[in-house]
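# Inside the fold
Now for the letters of each chain:
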Amino acid sequence: MWLTQDLPCVISGPCSVESPEQIRDTAKQLSQNSKVSILRGGIWKPRTRPNSFEGVGEIGLKWLKQAGIEAGLPVATEVATSRHVELCLKHNIDVLWIGARTTVNPFSVQEIAEVLKGTDIPVLIKNPINPDINLWIGAIERINSVGITKIGAIHRGFSSFDKTAYRNAPMWEIPIELKMLCPELPILCDPSHISGNRELIKSISQKALDLELDGLMIETHFNPEIAMSDAKQQLTPHQLSIVLSQLTFRDKQSLNENVVNRLEQLRQVIDELDEDLLNKFASRMSVIEKIGKYKKENNITILQLDRWEQTLKNRLFIAEKAGLNADFTKKLLELVHQESIRIQVEVMNETNPKTAIKISDKNFE
Ligand code: PEP
Ligand code: MN
C-alpha cells in the first residue's frame, strides 16, 4: 500500500489554514506526536452559506508548506478546481484531497483529473455528500484513469435529512462495501466531519480501526475556540495525542496460536449456524409454497393483513426475549415476508398464467 509503512496513517491539522502562526504552531505541536504522518489544512473552504470564512486562498499554500517543512511533515490540502490543482503543484503541496462537495460532481472531478495528468501526486477522494457508492467509485476511476496511482478514499459520513447524533451519518456499510469492491484501495476515516463535535471523535475512530480502515484524518487547531471554521469539532494537538493513545490498534491477524485456534473454533460454529439458518429458510419457503398452492386450489386470497400483523408482533416478542435487536428483527422478518409473497405470487402465476397478477404490496402471506 502506497500510503505509509506504519498503518494506520494519521493526517491531522486545522480545518482551515488561517495565518502563518496558526498553522506553524499547530504543525509544531503535531510533529511531537510520532503517529501523525501528514499535516492537513484547508486553503479554499467550501462553505454552505455565503459570507462565511472561505479560506485564505493561494497565500496560505506558502504558509502550509513552510509549516510542514519546519515540522518535518508532508502537507495536504483540498482542491475543487483545476486552478487549485495548478497552484498546489506550483507550491509543492505533497498530497491533494477532493472534498465531499466536489466528488458529487463528475464534471468537476474530470476537470481536476485533466490537470493531474502527467503528475504522480497522491490524491485522496472523500465520499460524496449523498450516500451513493457509485459516485465515489466514479470519482476514483476518473482520477485513476489519468495515470494517478497513489489514490486513497476518505470516509467522512453522509448528509441526511433525519436528525442523528452525527453531523454526517457514518453509514458504515458503504465504506465496507467499497473495501470489498476495491481491496487494494487505502480507506481512511474522517471522524471530525462525521461527528461535528469533539466528543464522538474517539468512538468513531475506534470503530474505523475495528473495521480495518487504513487511517484517520482528524482536525486539530492550536486553539479550537478561535478557529474560523469547524470550531466545535477540532481538537488541540494535545487532545489528539490523548485520543490516539486511548485507541486500541488491533492486529489484523493475531500471532498468538491460542487466539488463532479459539477464533477458528468460533468461526466454525458460525459456519454451522449459518448453514442451519439457510436450511431453515429453505424449509420455511417450501411450506410457503404449499400454502400458496393450497390457497389457490381453495380460492382463498393471499391477502392476509391480520395474519402478518399478528406474526410480526409474535416474532418481535420472541426475538426480544432472545435478546435480539428489534430493528434487526423487523428488517429480517420483512425480508422473509417479501420473499414468501414472491413465492406465493409465482405459484399463482404458474397455475393460471392468463390471470397472472403483479403484486408488490408487502401485506400478504
Ligand atoms: C474539510 O476537510 O475541511 C472539509 C471541508 O471536508 P468535507 O469535504 O468532508 O466536508
Ligand atoms: Mn472542516
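Residues numbered from 1 in each chain as written. Chains lettered and ligands numbered in written order. Predicted model: local features only at pLDDT ≥ 70, side-chain atom pairs only at ≥ 80, totals over all residues. Heavy atoms only, no water.

## Things to note about the overall build of the protein
Broken down by element type, the protein carries 13 helices and eight strands. Taking 21 Å as the expected radius of gyration for a compact globule of 365 residues, we find that the protein reaches 26 Å, considerably beyond that expectation. Across its three principal axes, the protein shows a C-alpha extent of roughly 85 × 50 × 40 Å. Here the protein, with 365 residues, has 44% of them falling under the buried criterion. Put simply, the protein shows about 20100 Å² of open surface, and 53% of that area lies on carbon and sulfur atoms. (Helix = DSSP H or I, 4+ residues; strand = E, 2+ residues; numbered from the N terminus. Rg over C-alpha atoms; globule rule 2.2 N^0.38 Å. Buried < 20%, exposed > 50% of the residue type's maximum accessible area, 1.4 Å probe, protein only. Areas by Shrake-Rupley, 256 points an atom, 1.4 Å probe, with all protein chains shown as cover.)

## What about a nonpolar patch on the surface?
Taken together, the side chains of Val-269, Ile-270 and Leu-273 present a nonpolar region at the surface, about 260 Å² in accessible area. Mapped onto the elements, Ile-270 comes out in helix H11 (residues 257-297). (Patch = residues over 30% accessible without salt bridge, like charges linked within 9 Å, V, L, I, M, F, W, Y side chains within 5 Å. Salt bridge = Lys/Arg side-chain N within 4 Å of Asp/Glu carboxyl O.)

## A short note on the site of ligand 1
Residues in contact with ligand 1, as listed here, are Cys-15, Arg-40, Lys-45, Glu-78, Trp-97, Gly-99, Ala-100, Arg-101, Lys-126, Arg-156, His-193 and Glu-219. Interatomic distance of 2.8 Å between a side-chain N/O atom of Lys-126 and an oxygen atom of ligand 1. One of the side-chain nitrogen or oxygen atoms of Glu-219 is found 3.2 Å away from an oxygen atom of ligand 1. Contact with the protein chains covers 97% of the free accessible surface of ligand 1, which is 300 Å². (Near = heavy atom within 4 Å. Polar contact = N/O pair within 3.5 Å; in protein donor to acceptor, adjacent residues only side chain to side chain.)

## Points about the pattern of salt bridges
Across all of its chains, the model carries twelve salt bridges by this definition. For Glu-58, the salt bridge identified is with Lys-90, shortest N-O distance 3.0 Å. Placement of Glu-58 in the loop between strand S2 (36-40) and helix H2 (59-71) and of Lys-90 in helix H3 (residues 82-90) is noted, with a sequence separation of 32 residues between them. One continuous salt-bridge network, built from bridges that share partners, spans Glu-339, Arg-342 and Glu-346.

## Brief notes about the coordination of the manganese ion (ligand 2)
Protein-derived coordination of the manganese ion (ligand 2) comes from Cys-15 (SG), His-193 (NE2), Glu-219 (OE) and Asp-230 (OD), at a distance range of 2.1 to 2.4 Å. Spacing between the donor residues of the manganese ion (ligand 2) along the chain follows C-x177-H-x25-E-x10-D. You can see Cys-15 sitting in the loop between strand S1 (9-13) and helix H1 (20-31) and its partner Glu-219 sitting in strand S8 (residues 215-219), a full 204 residues away along the chain. The pair Cys-15 / Glu-219 is uniform in exposure class, with both members buried. (Donors = N, O, S within 2.8 Å, 3.2 Å for Na, K, Ca; no water.)

## Considerations on a negative patch on the surface
Among the surface-exposed residues, Glu-264, Asp-271, Glu-272, Asp-274, Glu-275 and Asp-276 lie close enough to one another that they form a single negatively charged patch. Tracing the sequence through the fold places Glu-272 in helix H11. (Lys, Arg positive; Asp, Glu negative; His and termini not counted. Charge placed at Lys NZ, Arg CZ, Asp CG, Glu CD.)

## A look at the domain arrangement of the protein
Assigned domains within the protein: domain 1 (9-246) and domain 2 (258-354). The distance between the C-alpha centroids of domain 1 and domain 2 comes to 44 Å. (Domains from an automatic or database assignment.)

## With respect to the packing of helix H6 (residues 133-144) against helix H7 (residues 173-181)
Where H6 meets H7, the axes come as close as 10 Å, and the angle between the chain directions of the two elements is 45°. By the angle between their axes, H6 is oblique relative to H7. Relative to H7, H6 is oriented so that their crossing is right-handed. Contacts from Ile-133, Trp-136, Ile-137 and Ile-140 of H6 reach H7 at Ile-174, Pro-175, Glu-177, Leu-178 and Leu-181. Among the residues making up the contact of H6 with H7, the classes are represented as eight nonpolar, no polar and one charged. (Axes fitted to C-alpha atoms, helices over the stretch in contact; angles between N-to-C directions. Parallel < 35°, antiparallel > 145°, perpendicular 65-115°, else oblique. Left-handed = near helix turned anticlockwise from the far one by under 90°. Contact = heavy atoms within 4.5 Å. Nonpolar A, V, L, I, M, F, W, Y, C, P; charged D, E, K, R; others polar.)

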